[in-house]
Amino acid sequence: MTVGFVACGPKQPSEIDWQAFSGKRAYAHVERIVGYGPRPTASPALIKTATYISTQLQEYGLDVEEQAFVAPTPRGPLQFRNVIGKTRTRRGSAGKIIIIGSHYDTKYLPSMHFVGANDSGSSSGALLEMARVTSGVPNLWFVFFDGEECVKEYGPNDGLWGSMFFVEDLKGKKQLDRIKAFILLDMMGDKDLHIVMPGNSHRGLVQRVFESAKATGHRSYFSFNQQPIMDDHVPFALAGVPTVDLIDFHFGSAPGLNDYWHTEQDTLDKISPRSLEIVGQTALHLVDSLRQNPRF
Ligand SMILES: [Zn+2]
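Treat the numbers as computed from the prediction; the structure is a model and nothing was measured.

### Things to note about the overall build of the protein chain
Phase 1: Of regular secondary structure, the protein chain possesses seven helices and eight strands.
Phase 2: Taken against the 2.2 N^0.38 rule, which gives 19 Å for 296 residues, the C-alpha radius of gyration of the protein chain at 18 Å falls within 12% of a compact globule.
Phase 3: Judged by the C-alpha coordinates and their principal axes, the protein chain covers about 70 × 40 × 35 Å.
Phase 4: Counted over contacts in the protein chain with a minimum sequence separation of 6, partners at least 24 positions apart contribute 77%.
Phase 5: Entry remark: accessible area of the protein chain is about 12900 Å², with carbon and sulfur atoms responsible for 54%.

### Some details on the coordination of the zinc ion
Phase 1: Around the zinc ion, the donor atoms from the protein are Asp119 (OD), Glu149 (OE) and His262 (NE2), and they sit 1.9 to 2.2 Å away.
Phase 2: The motif formed by the donor residues of the zinc ion, counted along the single chain, is D-x29-E-x112-H. A residue pair is termed long-range when its members are at least 10 positions apart, and aspartate 119 in helix α3 (residues 117–133) and glutamate 149 in the loop between β4 (140–145) and α4 (161–172) qualify at 30 residues. In terms of burial, aspartate 119 and glutamate 149 fall into one category: buried.

### Looking at the environment of lysine 214
Phase 1: With respect to the helices and strands, the residue lysine 214 is situated in helix α5 (residues 203–215).
Phase 2: According to the relative accessible area criterion, lysine 214 is exposed, its value standing at 65%.
Phase 3: Spatially, the C-alpha atom of lysine 214 lies 8.7 Å from that of threonine 282, the residues being 68 residues apart in sequence.

### Some words on the packing of aromatic side chains
Phase 1: Applying the stated criterion across every chain yields a total of eleven aromatic pairs.
Phase 2: Note on phenylalanine 145 and phenylalanine 182: the rings are 6.0 Å apart at their centroids and 65° apart in plane angle, and the pair reads as edge-to-face. With a gap of 37 residues between them, phenylalanine 145 in strand β4 and phenylalanine 182 in strand β5 (residues 179–186) connect regions that are remote in the sequence. An identical accessibility class is assigned to phenylalanine 145 and phenylalanine 182; each is buried.
Phase 3: Each ring, one from phenylalanine 249 and one from tryptophan 261, has its centre 5.0 Å from the other, and the planes form 75°; the classification is edge-to-face. Here phenylalanine 249, found in the loop between β8 (243–247) and α7 (273–292), pairs with tryptophan 261, found in the loop between β8 and α7; they are twelve residues apart in sequence, far enough to count as distant.
Phase 4: An aromatic cluster of three or more residues is present, and its members are Phe69, Phe80, Trp161 and Phe165.
Phase 5: The cationic tip of arginine 75 hangs over the ring face of tyrosine 108; the distance from NZ or CZ to the ring centre is 3.5 Å.
Phase 6: A cation over a ring is seen here: lysine 270 above tyrosine 260, with NZ or CZ 5.0 Å from the ring centre.

### Structural notes on the pairing of strand β3 (residues 97–103)
Phase 1: Burial of β3 is extensive: seven of the seven residues sit out of reach of the surface.
Phase 2: Side chains Ile97, Ile99, Gly101 and His103 of β3 all project onto a buried face; the interleaved residues Ile98, Ile100 and Ser102 project onto the opposite face, where all are buried too.
Phase 3: Relative to β5, β3 runs parallel, the two sharing five bridges. Bridge assignment links isoleucine 97 to a residue of β5, and that residue is isoleucine 179.
Phase 4: Read from β3 through α3 to β4, the crossover connection turns out right-handed.

### Looking at the confidence of the model for the protein chain
Phase 1: For the protein chain, per-residue confidence averages 94 on the pLDDT scale, and 94% of positions sit at 70 or higher.
Phase 2: Confidence drops under a pLDDT of 50 for residues 1–8, and excluding neighbours within four residues, the segment shows zero contacts in the predicted structure.

### Notes on the sheet that holds β5
What links the strands of a sheet is backbone hydrogen bonding, and the strands pair in either a parallel or an antiparallel sense.
Phase 1: Pairing in this open sheet of six strands is mixed, and the strands run β1-β2-β4-β3-β5-β8 from one edge to the other. Looking at which strands have only one partner, the edges of the open sheet turn out to be β1 (63–73) and β8. With strand direction ignored, the average angle separating the axes of adjacent strands in the sheet is 20°.
Phase 2: In terms of strand pairing, β3 meets β4 through six bridges, oriented parallel. The partner of histidine 103 across the bridge, within β4, is phenylalanine 145.
Phase 3: Set on the sheet, α4 makes contact with β1, β2 (76–86), β3, β4 and β5; between it and β1 the angle comes to about 110°.
Phase 4: Docked against the sheet, α7 engages β3, β4, β5 and β8, running at close to 175° with respect to β5.

### Details of the pattern of salt bridges
Phase 1: Enumeration according to the criterion identifies nine salt bridges in this entry.
Phase 2: The salt bridge involving aspartate 169 is made with lysine 173; its shortest N-O contact spans 2.8 Å.
Phase 3: Aspartate 169 sits in the partly exposed class, given a relative accessible area of 24%.
Phase 4: In this structure, glutamate 277 and arginine 274 form a salt bridge, with 3.8 Å as the shortest nitrogen-oxygen distance. Of the two residues, glutamate 277 and arginine 274 both sit in helix α7, three residues apart, roughly one turn of that helix.
Phase 5: The class for arginine 274 is partly exposed, based on a relative accessible area of 45%.

What counts and what doesn't
- Residues numbered from 1 in each chain as written.
- Predicted model: local features only at pLDDT ≥ 70, side-chain atom pairs only at ≥ 80, totals over all residues.
- Heavy atoms only, no water.
- Helix = DSSP H or I, 4+ residues; strand = E, 2+ residues; numbered from the N terminus.
- Rg over C-alpha atoms; globule rule 2.2 N^0.38 Å.
- Contact = heavy atoms within 4.5 Å.
- Areas by Shrake-Rupley, 256 points an atom, 1.4 Å probe, with all protein chains shown as cover.
- Donors = N, O, S within 2.8 Å, 3.2 Å for Na, K, Ca; no water.
- Buried < 20%, exposed > 50% of the residue type's maximum accessible area, 1.4 Å probe, protein only.
- Phe/Tyr/Trp six-rings, centres within 6.5 Å; stacked < 30°, edge-to-face > 60°.
- Lys NZ or Arg CZ within 6 Å of the ring centre and 35° of its normal.
- Pairing = 2+ DSSP bridges.
- Right-handed = clockwise from strand over helix to strand, strands pointing away.
- pLDDT = per-residue confidence, 0-100.
- Axes fitted to C-alpha atoms, helices over the stretch in contact; angles between N-to-C directions.
- Salt bridge = Lys/Arg side-chain N within 4 Å of Asp/Glu carboxyl O.

Below, the structure is given as structure tokens:
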């Protein structure tokens, strides 16, 4: 009927009001999550956090699934749980999915009171606020991974538990080719914000992040470095999904230092609503831009 016309498809209208992302609201989520205390995999605080995340997502009108699994770890078998919030799929549309992810567990550090306000309270709070703003936009998945942190030592057999399971599950269901892009947020609440996208991000997506950061007025906070980082985007990248990691891996007492990372210093006073807003708004603009122009 419309032969010769549908090939490119109509440009999607802008659907996401990125300015509606509130750093204050995101920060309030981080406060709540940090309030549960240290939340390593399989801890009571982690379960409370998962329940809080699910409840918020449901309140915003998303469909929520909990993906629970047991895996043999260097600390013995542990129960992991990913929390997944999905916006509606438009009926009759085989539309491609954009996934926005964050881990929500904290590293198991029994010798200290490690609450992980930045790692990973910040990105968990930001994801919840993104989900609120986009609840009416189809084909978005918000995935909160458990077990990003290693339970003993980082290596090929420890860490990235939740994201690896998630990607394997998609593979098993033959759904991987539905995923248009995976956008990861991690350690992005630092008051002194410098997002450095690592070298194992997709170059086309990195470019699109720069364009979105410019459009939102936040360009000066974003840069790129060839150095790869081991994070939840890696299983996606290995499976061929275009992915980008929005991370500030200089979290410390002076510029260039990372001495607050995985210490008792990772507390609420080190992060700011403004930083959550800068990254949250840019990520939302990116999602909107990818929906309008999916080529990169
Ligand atoms: Zn960490």
